[in-house]
Amino acid sequence: MKVSVITIFPDFFPGPLGISIVARAIEQDALSVECIDPRAFTDDLHRTVDDAPFGGGAGMVMKIEPIADALDAAGPGRRVMFTPAGAPLSQEHLDRWAGEAHLVLLCGRYEGIDQRVADHLIDEEVSLGDFVLAGGEVAALAVIEGVARLLPGVLGNPSSIEHESFRDGLLEEPQYTRPAEFRGWRVPDVLLSGNHAAVDEWRHEERVRRTRERRPDLLGDSS
Ligand code: JCQ
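Rules used throughout
- Residues numbered from 1 in each chain as written.
- Predicted model: local features only at pLDDT ≥ 70, side-chain atom pairs only at ≥ 80, totals over all residues.
- Heavy atoms only, no water.
- Near = heavy atom within 4 Å.
- Polar contact = N/O pair within 3.5 Å; in protein donor to acceptor, adjacent residues only side chain to side chain.
- Areas by Shrake-Rupley, 256 points an atom, 1.4 Å probe, with all protein chains shown as cover.
- 1 Å grid on protein atoms, 1.4 Å probe; cavity = no way out; pocket = protein on both sides within 12 Å on 5 of 7 lines; lining within 4 Å.
- Sits in = over half its atoms within 2 Å of the grid points.
- Helix = DSSP H or I, 4+ residues; strand = E, 2+ residues; numbered from the N terminus.
- Points joined across faces, edges and corners; volume = space filled by probe spheres on them.
- Nonpolar A, V, L, I, M, F, W, Y, C, P; charged D, E, K, R; others polar.
- Disulfide = S-S within 2.5 Å.
- Buried < 20%, exposed > 50% of the residue type's maximum accessible area, 1.4 Å probe, protein only.
- Pairing = 2+ DSSP bridges.

Draft legend 1. View of the site of the ligand. Around the ligand there are 17 residues in total, and L128, G129, F131, L133 and G135 lie nearest to it. At 2.9 Å, a backbone N or O of L133 approaches an oxygen atom of the ligand. Relative to its free-state accessible area of 410 Å², the ligand is covered by the protein chains to the extent of 95%. Assessed atom by atom at 2 Å from the grid points, the ligand resides in the largest pocket. Considering each element in turn, the shell around the ligand owes the most residues, four residues, to strand β5 (residues 78–88).

Draft legend 2. Spatial organisation of the layout of surface pockets. Put simply, the largest pocket is a space of about 440 Å³. If you trace the largest pocket, you find 26 residues lining it, with F82, T83, P84, E111 and G112 closest to the centre. The element best represented in the lining of the largest pocket is β5, accounting for five residues. Here the lining of the largest pocket is built from residues that sort into 14 nonpolar, eight polar and four charged.

Draft legend 3. Quick look at the state of the cysteines. Taken as a whole, this structure holds zero disulfides when the rule is applied. Just so you know, C35 is unpaired, no disulfide at all, and the nearest cysteine sulfur is the one on C107, 7.9 Å from it. Exposure remark for C35: the relative accessible area of 33% places this residue in the partly exposed category.

Draft legend 4. Molecular detail of the pairing of strand β1 (residues 2–6). Summarising burial for β1: four of the five residues are buried, a large majority. Across five bridges, β1 lies against strand β2 (residues 32–36) in parallel orientation. Residue I6 lies in a different strand from β2, and its bridge partner there is I36. Direction of pairing for β1 relative to strand β6 (residues 102–107): parallel, over a ladder of five bridges. The residue of β6 that forms the bridge with V5 is L105.

No statement about biological role is implied by the geometric values presented.
Okay, here's the thing in structure tokens:
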């Protein structure tokens, strides 16, 4: 899979892309990542990528021409843009995008991007959550990492892909390892019992209890 990131801050990427699973995916040629800088498509002395909003108001808006040119340079692919106004990013998005040959990720900055970009040039707008970042670069890195681990051959143990959070719409159970006691904090006895049926039942109960407590929305009960 190829990922093209449209960003005015390409320096964001080499560090994180050089670590752990993403680095391995790139090393294995399961993944390639390129950055395309909209500034490369400006022709004025100051390489201007933003301008004041029509109608007035504070802040600056990213201009459409350098972004349209950068998207053209990326070529055909699934075009995703990050914005707090997007649909909440979910595992379903990542599962779907992991099946694409080419993903194009557009990172906004300033107060936003000229609306004609989203209206005419972008397939999907997604948000990492109800908070505001300075730009979409951190969201692009989140998507690259989330997708990289789904690509064939990238994770050592593929069964761990199904065996994780959001399996059956429930949160995962808590995990423990040695020592069985630390500063008086004991691991639940059932996990040391050797009774696999009891362990399985405890894990399921913990998943339901945690989900009810932390994410009632996942149970379809918003209380
Ligand atoms: C993504 N949650 C928050 C910042 C402008 C499209 O225009 C802009 C995009 C951003 C980056 O996205 C976020 C975000 N999910 O802030 C400013």
